[in-house]
Amino acid sequence: MARSAASSAVLLVAAAFLPAAFGACQWASLRQMTDTYIESQTFGELDPSLASEGVIYRENEKVVDIRKGLLSRSLKVDFSHTIIDQTECASFTKLVVADPGYVIGTQIFYNDTVDGLLTTDVVDVIVTTTTDDNNSQFDAAQALSHIEAEDWSSLGRDNTDSRQVLQAVADAYLDLWSDSSKIGAVPFARGCSRLEGSRFIADSCTAGLALPEPGTSSRPNTNRRYVIDESVGGVSVFSDFGSLENAPASHEFRIVGGKLYYVHQMVAAKS
Ligand SMILES: *[C@@H]1O[C@H](CO)[C@@H](O)[C@H](O)[C@H]1NC(C)=O
């Protein structure tokens, strides 16, 4: 009796916190659509809710028919991780498939209808794979071991940073490629770790960063698209990586207390 009263109190707190703290779209609806997406990819069978009329589907920045793209392939998903953006009505999901090797980052943006139903508006996929000739160094199983070890626990109301702070930290990191002298402006946490493709750099988000020399100009990371989840300090940014001939790039950051803990970068071959 006492126990069930306590657990329903916890549920009430959780239910009161989520919709009130953030914006327009229901967390549960976004989460459910994400599960539908992961299922579609697992079975290689596109759910009709993803293929809504007028949906824009991009794979590595190229618009393709959603019925003919990666989602038509059945892939055994070994790991998935999702962040939810209630304000922008969007989600970011990372899927890792060890065999054949794939790491897939997907941003999905929805339109919210008056009755609270979500219509899929844009599905943006950045995919890296071992079957790509340009990517012989890439080892999905190795990436999986690092991604699985990450801590994405919920922060609780008192410990969340604002969207503005989260986006500013993500932008400061991405801005380094056009002005590496600003490295002091990025609030790296002690022990920040970086995963670039399947290359893991423990305890340093600056060691070996391939930045342009200070004073030389380099092309910026443009066309940035954000999915921000305050509840875990997660920011996903898709962009065109200027210094890599605008290759499609996915970055995911974890920021806690205004400091940067994880950087996960995936750069796809330009199609
Ligand atoms: C979503 O809403 C935008 C803005 O109103 C509109 O341009 C777009 O076509 C809508 N997408 C779908 C799939 O209905």
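Here the structure is a predicted model, which is why all the values come from computation and not from measurement.

Of all hydrophobic cores here, the largest spans 25 residues; its most connected members are Tyr37, Leu70 and Ile104. Where this core is concerned, the elements lending two or more residues are α2 (27–43), β4 (90–97), β5 (102–112) and β6 (118–129). Within the second largest apolar cluster, 22 residues are counted, among which are Tyr173, Leu176, Trp177 and Phe241.

Further remarks concern the environment of Gln142. With respect to the helices, strands and loops of the structure, Gln142 is situated in helix α3 (residues 140–148). What makes Gln142 partly exposed here is its relative accessible area of 35%. Sequence separation of Gln142 and Gly197 is 55 residues, and the distance between their C-alpha atoms is 9.5 Å. Reaching out from Gln142, the side chain makes a polar contact with the backbone oxygen of Ser198 at a distance of 2.9 Å.

Surrounding the ligand, one finds Glu53, Gly54, Asn111, Thr120 and Asp121. Contact between the ligand and Asn111: an oxygen atom at 2.3 Å from a side-chain N or O atom of the residue. Here a nitrogen atom of the ligand sits 2.8 Å away from a polar atom, N or O, in the side chain of Asp121. Here the ligand, which alone exposes 360 Å², has 41% of that area covered by the protein. Counted by class, the shell around the ligand contains no nonpolar, three polar and two charged residues.

Turning next to the state of the cysteines. Evaluation of the coordinates by the stated rule reveals two disulfides. Each disulfide pairs two cysteine sulfurs, and for Cys25 the partner residue is Cys89, the sulfurs being separated by 2.0 Å. Across the S-S bond of Cys25 and Cys89 the torsion is about -90°, and the bridge reads as left-handed. Here Cys89 lies in the loop between β3 (79–85) and β4 and Cys25 lies in the loop between α1 (2–21) and α2, a separation of 64 residues in the sequence. Taken individually, Cys25 and Cys89 each receive the classification buried, so the pair is uniform in this respect. What pairs with Cys192 in a disulfide is Cys205, and their sulfur atoms sit 1.9 Å apart. Residues Cys192 and Cys205 share a disulfide whose torsion about the S-S bond is about -85°; that sign makes it left-handed. With Cys192 in strand β7 (residues 188–196) and Cys205 in the loop between β8 (199–201) and β9 (222–229), the pair connects residues that are 13 residues apart, well separated along the chain. The same class applies to Cys192 as to Cys205, namely buried.

Attention shifts here to the pattern of salt bridges. In this structure the tally under the stated criterion is 17 salt bridges. When the shortest N-O distance is used, the salt bridge between Asp124 and Arg58 registers 3.1 Å. Here Asp124 is found in strand β6, whereas its partner Arg58 is found in strand β1 (residues 56–59), with 66 residues between them in sequence. We classify Asp124 as buried; its relative accessible area is 1%. Taking the shortest distance from any N to any O, the salt bridge between Arg224 and Asp171 comes out at 2.8 Å. Of this pair, Arg224 sits in strand β9 while Asp171 sits in helix α4 (residues 163–174); the two residues are 53 residues apart in sequence, bridging distant segments of the chain. Counted as one network, the salt bridges with shared partners bring together Arg58, Glu61, Asp124, Arg225 and Asp240.

Calculation rules
Residues numbered from 1 in each chain as written. Predicted model: local features only at pLDDT ≥ 70, side-chain atom pairs only at ≥ 80, totals over all residues. Heavy atoms only, no water. Core = buried A, V, L, I, M, F, W, Y, C linked by side-chain atoms within 4.5 Å. Buried < 20%, exposed > 50% of the residue type's maximum accessible area, 1.4 Å probe, protein only. Helix = DSSP H or I, 4+ residues; strand = E, 2+ residues; numbered from the N terminus. Polar contact = N/O pair within 3.5 Å; in protein donor to acceptor, adjacent residues only side chain to side chain. Near = heavy atom within 4 Å. Areas by Shrake-Rupley, 256 points an atom, 1.4 Å probe, with all protein chains shown as cover. Nonpolar A, V, L, I, M, F, W, Y, C, P; charged D, E, K, R; others polar. Disulfide = S-S within 2.5 Å. Salt bridge = Lys/Arg side-chain N within 4 Å of Asp/Glu carboxyl O.

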